[in-house]
Amino acid sequence: MTRGKRGRRAAIALTAVVAPVLLLAGLVWTGQRSVVYLPSDAVPPPAAGAEDVRLATDDGLVLDAWLLRPRGGDRGAAVLLAHGNAGNRESRLPLARALAAEGFSVLLFDYRGYGGNEGSPSEEGLAADARAAADHLAERGFAADRTLYFGESLGAAVAAGLAAERPPAGLFLRSPFSSLAAMGERYHPFLSVRPLLRDHYPVTGHVAEAGVPTTVVLGDADGVVPPEQSRAVARACPRLVEQVVLAGADHNDAELAHGPEVIAAFTRLADHALPAEPPRPTR
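Presented here is an overview of the structure given in this document. Since the structure is predicted, the reported quantities are computational estimates derived from the model, not experimental observations.

Moving on, we get to the overall build of the protein. Scanning the protein from N- to C-terminus turns up 10 helices and 10 strands. Looking at the protein as a whole, 51% of its 283 residues are labelled buried. Long-range contacts, defined as pairs at least 24 residues apart, comprise 74% of the intrachain contacts of the protein with a sequence gap of at least 6. A total accessible area of about 12800 Å² is found for the protein, and carbon and sulfur atoms account for 56% of it.

Next up on the list: the packing of aromatic side chains. Counted under the stated rule, the structure contains 6 aromatic pairs. Seen from their ring centres, Tyr111 and Tyr114 are 5.5 Å apart, and the 80° between their planes marks the pair as edge-to-face. The same class applies to Tyr111 as to Tyr114, namely buried. By way of ring pairs, the aromatic residues Phe104, Phe150, Phe172 and Phe266 are connected into one cluster.

Turning to the pairing of strand E9 (residues 214-219), a few remarks are in order. Of all 6 residues in E9, 6 are buried, a share of seventy percent or more. Of the two faces of E9, both are covered, the one formed by Thr214, Val216 and Leu218 as well as the one formed by Thr215, Val217 and Gly219. With 4 bridges connecting them, strand E8 (residues 170-174) and E9 associate as parallel partners. Within E9, the residue paired with Phe172 across the bridge is Thr215. Sheet analysis places E9 next to strand E10 (residues 240-246), joined by 6 bridges and oriented parallel. Paired with Val217 across the two strands is Val244, which belongs to E10. In terms of handedness, the path from E9 via helix H8 (residues 227-236) over to E10 forms a crossover that is right-handed.

Right, let's get into the environment of Leu180. With respect to the helices, strands and loops of the structure, Leu180 is situated in helix H6 (residues 180-187). Exposure remark for Leu180: the relative accessible area of 10% places this residue in the buried category. Spatially, the C-alpha atoms of Leu180 and Val36 are 9.0 Å apart, while their sequence positions differ by 144 residues. Dropping the residues within four chain positions of it, Leu180 is found in contact with Val36, Leu197, Asp199, His200 and Tyr201.

Turning our attention to the nonpolar core. Residues Leu55, Phe109, Phe177 and Tyr201 are the most contacted members of the largest nonpolar core, which totals 49 residues. When sequence neighbours within four positions are dropped, the list of residues in contact with Tyr201 reads Tyr37, Ser122, Glu123, Leu126, Leu154, Ala157, Val158, Phe177, Ser178, Ser179 and Leu180. If you look at the next biggest cluster of nonpolar residues, it comprises 31 residues, including Ala96, Leu99, Ala169 and Ala265.

The next thing to look at is the packing of helix H4 (residues 123-139) against helix H5 (residues 154-165). Running from N to C, H4 and H5 point in directions that differ by 65°, and their axes come no closer than 10 Å. Handedness of the H4/H5 crossing: right-handed. Note on element contacts: H5 touches H4 through Leu154, Val158, Leu162 and Glu165, opposite Leu126, Ala130, Arg131 and Ala134.

The rules we used
Residues numbered from 1 in each chain as written. Predicted model: local features only at pLDDT ≥ 70, side-chain atom pairs only at ≥ 80, totals over all residues. Heavy atoms only, no water. Helix = DSSP H or I, 4+ residues; strand = E, 2+ residues; numbered from the N terminus. Buried < 20%, exposed > 50% of the residue type's maximum accessible area, 1.4 Å probe, protein only. Contact = heavy atoms within 4.5 Å. Areas by Shrake-Rupley, 256 points an atom, 1.4 Å probe, with all protein chains shown as cover. Phe/Tyr/Trp six-rings, centres within 6.5 Å; stacked < 30°, edge-to-face > 60°. Pairing = 2+ DSSP bridges. Right-handed = clockwise from strand over helix to strand, strands pointing away. Core = buried A, V, L, I, M, F, W, Y, C linked by side-chain atoms within 4.5 Å. Axes fitted to C-alpha atoms, helices over the stretch in contact; angles between N-to-C directions. Left-handed = near helix turned anticlockwise from the far one by under 90°.

Okay, structure coming up:
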């Protein structure tokens, strides 16, 4: 066999190996956000007792949201509620109402691409959406030291990123993952996902940078976010108030989503983090 023929055969063999790898990488790159973000674009029906509000993002979108006023005693504090990667804000109403019943004003918003909002979700986009929510609370008279962030699952990553940029009085993370790369490696252990990711959500880095009083809640039977990742987030918090473990709770169980242990843990964080004498919001 001549040297030219051997070279052509080697090139063909190399192409046969490389081409599928490149194809797979291309599919991962283009399709990954459809796996990370699972929005319902249905417009939620009106919510009894919630004020319809609209949030303006710094990149020109308008997002629909609800503001729930406190019931019972008013703590003069607000909760920015960042929900997870699936559905829309309607399914988080039980959580928002439970927090309002404890005396908090609660801003429950949908990200871009969720709940009838325009746009497509991405890490950068959801960060802009969270900033718009924080801006709205500030316009309502809630200073940073009277605002707490509550994030669930992917929303915990959004809340942690916002906390690193705009530190609140306290940060509450339910079922947080340590990073999107860690989640990718958990579900695809034989694929090097880290260099292929378009979004990253470095939660452990964000909580370390934020340095605010933080509570982490997890279910030890969570089949979506491995409990060890939530524990890694707790270890990264320089001002961890507590780590709360719900025995036998899975990711979407009601007790982990809005159960009494979760609400009690949040109120303990608020009692720890908020100044004793609240200034009243101006409007």
